Amino acid sequence: MSSPAPKFYDAIILGASGFTGKYVVREALKFLNAPNSPLKTLALAGRSPARLAEALKWAVGEDSPPNIPLLTADTTDPDSLLRLAAQTKVILNCVGPFRLYGQAVVSACVDAGCDYIDISGEPEFMERMEALYHEKAVENGSLVISACGFDSVPAEIGLLFHSRQWAGPSAPNRVEAYLSLESDKKVVLNFGTYESAVLGVANADKLMEFRRSRPKRARPAIPGPAHPKGSLIEHQQQLGLWALKLPSADSVIVRRTLATLTENPHGLPGVNETADDLKKREAFWSSVKPAHFGVKLGSKSLLGLIPYIMLGIFIGLLCRIALGRRLLLKFPSFFSLGGFRKEGPSEEEVASATFKMWFVGHGFSDASLASKGNKKPDTQVVTRVAGPEIGYLATPIILIQCALVVLSQRGSLPKGGVFTPGIVFGPTDFQERLQENGISFDFISKNALSA
């Protein structure tokens, strides 16, 4: 089933035979040659055509596999990646950890002027790609967008949705996102996420050093005081959750988006945007109000947080030495008390899992109150993003919708550059597309806070 000769494709999924990749293939097939879909041609790429064929067969279930080209490419072979990037409009990269395997793919896409999206949740990788490739990506017309999966679209697009609920003179000061993972069966998370977390903590000093070497980004003007750090564990009685503070990529992505917005108050102009696109973009960003942002992992019981607390302790103690890292990566189920497995969750465990991300914002009924000495927020807004299992269902939905927006609305997107999803997709119909495909955005309440 290998392609006999080079051809040009709307999209290529790289790493299509991996745990997440095969679910991305299954989601992509829903839109291949569907009515009104811009996805007319698709190819799968990876190291093994045989494994790609198996993934395609799995993705179609009992149906006969469509005639989709299977292309051989390896992240350790730059020439194979250049050939890949020259054959498509956009590469969907599912090969992680991205700190180990992602840069070669980004480099190939930027050189070829091909667009690139991935499911990375690794701050160091994303920030280094911006530093290394942004200028060349702008010059070559290559749009490079990481974090196009559960990391970090629900948090980022969810915050943009939340901030727009502060209408008129009202404005948020602090928004806290509470992530609740729910299932009738055991919640089993993506091993790739675990591996990235171990490597990220092990290299935290390098990230801090890298950030110190970079120019300071603009900071948005947020009414009211900076939010105190608060406790590691919180009992959020309103939501009925115990919550653990998370050092997640979500808050990093949000800060980068707000920095870009501060530098570009009307957002980023599209390479060939129409007058209507311009009007829509400016109207969208004028309705977005920045806020301090943080993420916490929620559980209905304090006991439910114990596995995550223990995992954090194990990673903190062991990841700084080579033997400790080997043990952490060899025995993920042991160190996470069953929360992560190398073989991943079963299809039944995936199907039974869901997520809810609650956004609880505190701010001012009138932003001018903050500058008049009233330092205490007087208004609370609550919104929610909800959807299916995060690693194998929500992530493919998000990634494919990102690709479809790139394919269908390329003229209204920036010419090129390395950006976060929110700053690129915010003014488009991206949120509506997610809602149509099982990820909901809901306004819950707006209340006055007692003095």
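Our structure's up above, just so we're on the same page.
The rules behind each value
Residues numbered from 1 in each chain as written. Predicted model: local features only at pLDDT ≥ 70, side-chain atom pairs only at ≥ 80, totals over all residues. Heavy atoms only, no water. Pairing = 2+ DSSP bridges. Helix = DSSP H or I, 4+ residues; strand = E, 2+ residues; numbered from the N terminus. Axes fitted to C-alpha atoms, helices over the stretch in contact; angles between N-to-C directions. Contact = heavy atoms within 4.5 Å. Buried < 20%, exposed > 50% of the residue type's maximum accessible area, 1.4 Å probe, protein only. Salt bridge = Lys/Arg side-chain N within 4 Å of Asp/Glu carboxyl O.

(A) Examining the sheet that holds strand β3 (residues 70-72) more closely. One open sheet holds the seven strands; their spatial order is β3-β2-β1-β4-β5-β6-β13, and the pairing between them is parallel. The open sheet is flanked by β3 and β13 (417-419), the only strands paired with a single partner. With direction set aside, neighbouring strand axes in the sheet form an average angle of 20 degrees. Bridging between strand β6 (residues 143-145) and β13 involves three bridges; their strand directions are parallel. Across the sheet, residue V144 finds its bridge partner in β13, namely V418. Across the sheet, helix α3 (residues 78-85) touches β1 (9-14), β2 (42-46), β3 and β4 (88-93), and the angle it forms with β4 is around 130 degrees.

(B) Geometry of the side chain of S152. Relative to the helices and strands, S152 resides in the loop between β6 and α7 (153-163). Among the residues examined, S152 registers a relative accessible area of 1% and is labelled buried. Discounting residues that sit within four places of it in the chain, S152 has contacts with A147, A249, D250 and I253.

(C) Quick look at the pattern of salt bridges. All told, the structure shown has 19 salt bridges when counted by the stated rule. Its salt-bridge partner being E182, residue K356 comes within 3.2 Å of it at the nearest N-O pair. Pair noted here: K356 is in strand β11 (residues 353-364) and E182 is in strand β7 (residues 171-183), with a separation of 174 residues, a long-range link. For K356, a relative accessible area of 23% corresponds to the partly exposed category. Here D442 ties to R384 by a salt bridge, and the two come within 3.4 Å at their closest N and O atoms. Within this pair, whereas D442 is found in strand β14 (residues 440-448), its partner R384 is found in strand β12 (residues 379-388), the two being separated by 58 residues in sequence. Within this structure, E130, R217, R256 and E263 form a network of salt bridges that share partners.

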